[in-house]
Every structure is written in structure tokens, then in C-alpha cells.
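Listed below are the residues making up each chain.
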Amino acid sequence: MVVALKTIRRAALKAFRYVATGVLVVAALVVARHGWRIYMTSPWTRDGMIRVQVANVAPQISGQIVEVRTHDNQHVHKGDVLYVIEKFDFEVALDNAKATILTREADLAVKKAQNARRAILTTLSTSIEEKQVFDGNAKMAEAALASAKAGLSQADINLQRTEVRSPVDGYVTNLLMRVGDFARAGTPNLSVIDEHSYWIDAYFEETKLANIHVGDPVEATLLGFQDPIRGQIESITGGISAANAASSTQGLPNVDPIFTWVRLAQRIPVRVRIEQVPPEVPLVAGMTCSVSVVGGEGMPVARRDRGLFYRLENLL
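Keep in mind that what you see is a predicted model, and the values were worked out from it rather than measured.

Trainee: Explain the environment of F225 here, please?
Mentor: In this structure, F225 sits in the loop between β11 (217-222) and β12 (229-236). Taking the relative accessible area as the measure of exposure, F225 reaches 26% and is therefore partly exposed. For the pair F225 and E280, spaced 55 residues apart in the sequence, the C-alpha separation amounts to 8.9 Å. Apart from residues lying up to four places away in sequence, F225 is in contact with E280, V281, P282 and M287.

Right, dumping it as C-alpha cells:
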């Protein structure tokens, strides 16, 4: 009896070991499949970046900078004066344009009077040719006055352009100018970050594009912050550069040799429009983030999957 019980006990223990091993193997397969689905097919990427538009401010006139009214990283509004160019030359040009206007007006008055007097005379007192000459002189005086008025407008706008203003709302960045520098027309010397133009470029592997659609909601988590930025997929790029499309020095196609069993998925840029930013999360162009599509058409991503994804991501 005792021997029989021992035999049964050994058989039961052996069966339990087989069952436990089988359960562990099944659990490992389930976890592996779940991880594979998250990392290989779910629409998420760790390769995201905050982007922004930057306005490169260039003066429309040349001159010496006499006043700088901003400092680095200062918030400015559209129309705020950033710096001032020396005004003297432009004030003189404006005065000269006004004086030219007075001269042209007086000349036009004289030419009109001369033309009017000859217009009422008969051909016995003056010739038709002379009448035409004085009529032409009056018209040229009118054109000269119009040109002088255009010069006045140009001189006035040039004087206004001595105050260089911000074209957008945002932050002055990388300010290196100082009083005494010479500003050249058309040469940027100051940059302003447009605070209304932030977006996210997310680089998804091509194997995940099937589950990404324009309009899908998105969550992006910056490194070092827990609360996600919420947004929406705005567009998917239409193409990326192909290294094999470049020509060699002889004009022949330059094809890189690759191992046929190693195929790396291409990264496709996806533009994400930012819609909601947590108050404590700063937006700085160049910051990296993890981007996950949280719903919409295609394969929705469950919250438990995203939670596991974030936990695994923090361990890597």
C-alpha cells in the first residue's frame, strides 16, 4: 500500500511538472505574441520630434543699428519693435521728397497756365505745333508730379522700416546682434519662433502604415514628462529619398549591396497637428517624444497595450 501511494505521488508530481512547464510555455508564447503585436504592428514609434516654424527677420533697408528693444528668449507679439536702424538719412530723404513735391506742383501750375492761355488763342496768334508743345509740357509736368508723389511714398515707408518689427507672435531666439552692428537689406539677423506653428514629426516604420490614417487621434509623450500631448494625424509624407537613385561619377546608377535576409523597415514621416498640451509640459523645438495612435480607423490600440508599451519603453 505504501509503495503504491509513493508511486501515485511520484506520477502526480511528474504530471504537475509537465503541466506547469506547459502553462509557462503557453504564457511565454502569449506574452511574446502580445509584445510582438505591440512593437511590430501597433502604430507607435519612439522616433518623434517637436518641430516649429521660425521667422528669419531681415531688414528691408540698410543702416546702422542704434537701438535693440528685445533680448534673447523674450516673448514678443506681432508688430512689436525688435530693433531700430539709424533714421537720419531716411528723414533727409523724406524731406527732399516733400520739397520735390512742392517743386513739381509749382511747375505743373505754370505749365497748365501756359497751356490754357495758348489753348484759347487762334491759329493767327500761335501755331498748332506750339499748342501741342505746351500741352505736352503740361502732361509731362503732371507725370513728374506723380513720380514725385511715388518717391514721397517710398521715402515715407523707408523711414517706417527703420523700426524692424516682429512678423509673428513668439520667442526671440539666438539673439546675437548689438547696438552698432550694420544691418544689410535682405540679410536675416534675428529669428523669432512662431508660437502658433508647433507640430510633431513622427517617423513610423513602413510596416505600421496600414494602421495609420489621416485624422486618427494621437498621444505623444516627451522624454522626462508623464502627461501626454494630444493631437491628430494631419498628413503622411508622399515620399522619401532613395539612396539607390543617386548617380555615380560616370552617370551610372549607384546601387548599394545589401544582404537579402536583412531588410530594415523604412521610416516614413507623419505630421501630427498638436491640439492639447498639458500646462506643465513645455514645447521646445527639437525635443524627442514617443508617439502612439490611440484610435480611429484601422486597428485601435487598447489602453492596456499603451500602458505596457510605456512601461517597456522606460526599461529600454
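Trainee: What's the story with the side chain of E219 in this structure? I'm lost.
Mentor: Note on placement: E219 falls in strand β11. Within the structure, E219 has its side chain in polar contact with the side chain of R230 (distance 2.4 Å).

Trainee: Is there a simple way to explain the sheet that holds strand β1 (residues 44-51) in this structure?
Mentor: Picture the strands of a sheet paired through backbone hydrogen bonds; they go either parallel or antiparallel. With antiparallel pairing, six strands are arranged side by side around a closed barrel as β1-β10-β13-β12-β11-β14. For this sheet, the mean angle separating the axes of adjacent strands, direction not counted, is 40 degrees. The sheet contact formed by β11 and strand β14 (residues 288-293) spans five bridges and is antiparallel. Its bridge partner being in β14, E219 is matched across the sheet by S292.

Trainee: Please clarify how the sheet that holds strand β9 (residues 190-194) should be interpreted in this entry.
Mentor: Taken together, four strands build an open sheet; the order of strands is β2-β9-β7-β4 and the sheet is antiparallel. Two strands in the sheet have a free side with no partner beyond their single neighbour: β2 (54-57) and β4 (75-76). Of the pairings in the sheet, the one linking strand β7 (residues 170-173) to β9 comprises four bridges and is antiparallel in character. Directly across from G170, in β9, lies its bridge partner D194.

Trainee: Before we go on, may I ask you to explain the packing of aromatic side chains in this structure?
Mentor: Given two aromatic rings, their pairing is described by the distance between the two centres and the angle made by the two planes. Tallied over the full model, the rule gives zero aromatic pairs. Here the basic side chain of K208 rests over the ring of W44, its NZ or CZ set 4.3 Å away from the ring centre. Positioned above the aromatic ring of W199 is the side chain of R271, whose terminal nitrogen or guanidinium carbon lies 4.0 Å from the ring centre.

Trainee: I tried to follow the pattern of salt bridges on my own but got confused; where do I start?
Mentor: Pairing of side chains with opposite charge becomes possible as their charged atoms draw close. Inspection of the entire model under this criterion finds 11 salt bridges. Two residues, E205 and R267, come together in a salt bridge whose shortest N-O distance is 3.5 Å. Of the two residues, E205 sits in strand β10 (residues 199-205) while R267 sits in strand β13 (residues 267-276), which places them 62 residues apart along the sequence. Residue R230 pairs with E219 through a salt bridge whose shortest N-O separation is 2.4 Å. Of the two residues, R230 is situated in strand β12 and E219 in strand β11; the sequence distance between them amounts to 11 residues. Judged by relative accessible area, which is 35%, R230 ranks as partly exposed. Among the ionic contacts, a cluster of salt bridges with common partners joins E234, R271, R273 and E275.

Trainee: Please explain unusual backbone geometry as it appears in this structure.
Mentor: With the exception of glycine, most residues fall at negative phi, and the peptide bonds are largely trans. Within the chain, N73 stands out as a residue other than glycine whose phi angle is a positive 70 degrees. By relative accessible area, which is 55% here, N73 ends up exposed. In this structure, N174 takes a positive phi of about 55 degrees despite not being glycine. With respect to the helices, strands and loops of the structure, N174 is situated in the loop between β7 and β8 (182-183).

Conventions used here
- Residue positions are counted from 1 within each chain, in the order its sequence is given.
- Owing to the predicted nature of the model, reporting of local features is limited to residues with pLDDT of at least 70; listing and counting of side-chain atom pairs is limited to 80 or more, with chain, interface and lining totals taken over all residues.
- The side-chain numbers reported here are obtained from all heavy atoms of the structure, hydrogens and water having been left aside.
- Put simply, DSSP marks the helices as runs of H or I at least four residues long and the strands as runs of E at least two long, and each gets a number from the N terminus on.
- Only protein chains enter the area calculation, which uses a 1.4 Å probe; residues under 20% of their type maximum are buried, those over 50% are exposed, and those in between are partly exposed.
- The contact rule is simple, with two residues in contact once any of their heavy atoms fall within 4.5 Å.
- Distance and chemistry together define a polar contact, namely a pair of N or O atoms within 3.5 Å, with one atom able to donate a hydrogen and the other to accept it when in protein, and with adjacent residues in sequence counting only for side-chain atoms on both sides.
- Note on pairing: DSSP must find at least two bridges between two strands before they are called paired.
- Think of each axis as a best-fit line through the C-alpha atoms, taken over the contacting stretch in the case of a helix, with angles from 0 to 180 degrees between the N-to-C directions.
- Any pair of Phe, Tyr and Trp rings, taking the six-membered ring for Trp, is counted once the centres come within 6.5 Å. Such a pair is stacked with planes under 30 degrees apart, edge-to-face with planes over 60 apart, and tilted for the rest.
- To sit over a ring, a charge needs its Lys NZ or Arg CZ within 6 Å of the ring centre and within 35 degrees of the ring normal.
- The term salt bridge refers to a side-chain nitrogen of Lys or Arg lying within 4 Å of a carboxyl oxygen of Asp or Glu.

Function cannot be inferred from these measures alone, as they are strictly geometric.
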